Amino acid sequence: MFRVVFKDFDQSFDRWTDALDAGNRLKPQCRSLLHDIRISENGKVIWVYSRSHVHPMYMGPGTYDRLVKLFVKENTASESDEIV
């Protein structure tokens, strides 16, 4: 379970792809250095975006690689479902 949190936004998602899309859609609203967008997985923060960094930060060793694999798996599964 993934959870996206930002100022007045708090939503849970079953898929990493959906949580990442929600986080990316919130980027234009993140104007202050004091605010950030966070995505957590089972209560542990794994992704943070703020204006103080050029790119989002992936928290923890191996997190980026694991999430890339999950992203590919989720998108491959959804493409297979659409073809059928």
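Residues numbered from 1 in each chain as written. Predicted model: local features only at pLDDT ≥ 70, side-chain atom pairs only at ≥ 80, totals over all residues. Heavy atoms only, no water.

**Q** It is not clear to me how the overall build of the chain should be interpreted in this structure. Could you clarify?
**A** Counting its regular elements, the chain contains two helices and five strands. When the helices and strands of the chain are placed in sequence order, the string is β-β-α-β-β-β-α. Dimensions along the principal axes, computed over C-alpha positions, put the chain at roughly 45 × 25 × 25 Å. A buried classification covers 29% of the 84 residues belonging to the chain. Accessible surface for the chain amounts to roughly 5,700 Å². Of this, 54% is attributable to carbon and sulfur atoms. Once the 12 positive and 12 negative side-chain charges of the chain are each reduced to a mean point, those two points are 8 Å apart. (Helix = DSSP H or I, 4+ residues; strand = E, 2+ residues; numbered from the N terminus. Buried < 20%, exposed > 50% of the residue type's maximum accessible area, 1.4 Å probe, protein only. Areas by Shrake-Rupley, 256 points an atom, 1.4 Å probe, with all protein chains shown as cover. Lys, Arg positive; Asp, Glu negative; His and termini not counted. Charge placed at Lys NZ, Arg CZ, Asp CG, Glu CD.)

**Q** What am I meant to see in the packing of aromatic side chains here?
**A** Taken as a whole and judged by the stated rule, the model has two aromatic pairs. Measuring from centroid to centroid gives 5.7 Å for Phe-2 and Trp-16, while their planes differ by 55°, and the two rings are tilted. Separated by 14 residues along the polypeptide, Phe-2 in strand β1 (residues 2–6) and Trp-16 in helix α1 (residues 16–26) bring together distant segments of the chain. Overall, Trp-16 belongs to the buried group, its relative accessible area being 1%. Considering the side-chain rings of Tyr-58 and Tyr-64, the 5.0 Å spacing of their centres and the 80° angle between planes classify their relative orientation as edge-to-face. (Phe/Tyr/Trp six-rings, centres within 6.5 Å; stacked < 30°, edge-to-face > 60°.)

**Q** Help me out: how do you make sense of unusual backbone geometry in this one?
**A** Glycine aside, residues mostly have negative phi, and peptide bonds are mostly found in the trans state. The residue Asn-42 is not glycine, and still its phi comes out positive at about 50°. By the secondary structure assignment, Asn-42 is in the loop between β3 (36–41) and β4 (44–50).

**Q** Got a minute to help me understand the environment of Gly-62 in this structure?
**A** Here Gly-62 shows up in the loop between β5 (57–58) and α2 (63–83). For Gly-62, a relative accessible area of 46% puts it in the partly exposed group. Expressed as a C-alpha distance, the spacing of Gly-62 and Val-72, which sit ten residues apart in the sequence, is 16 Å.

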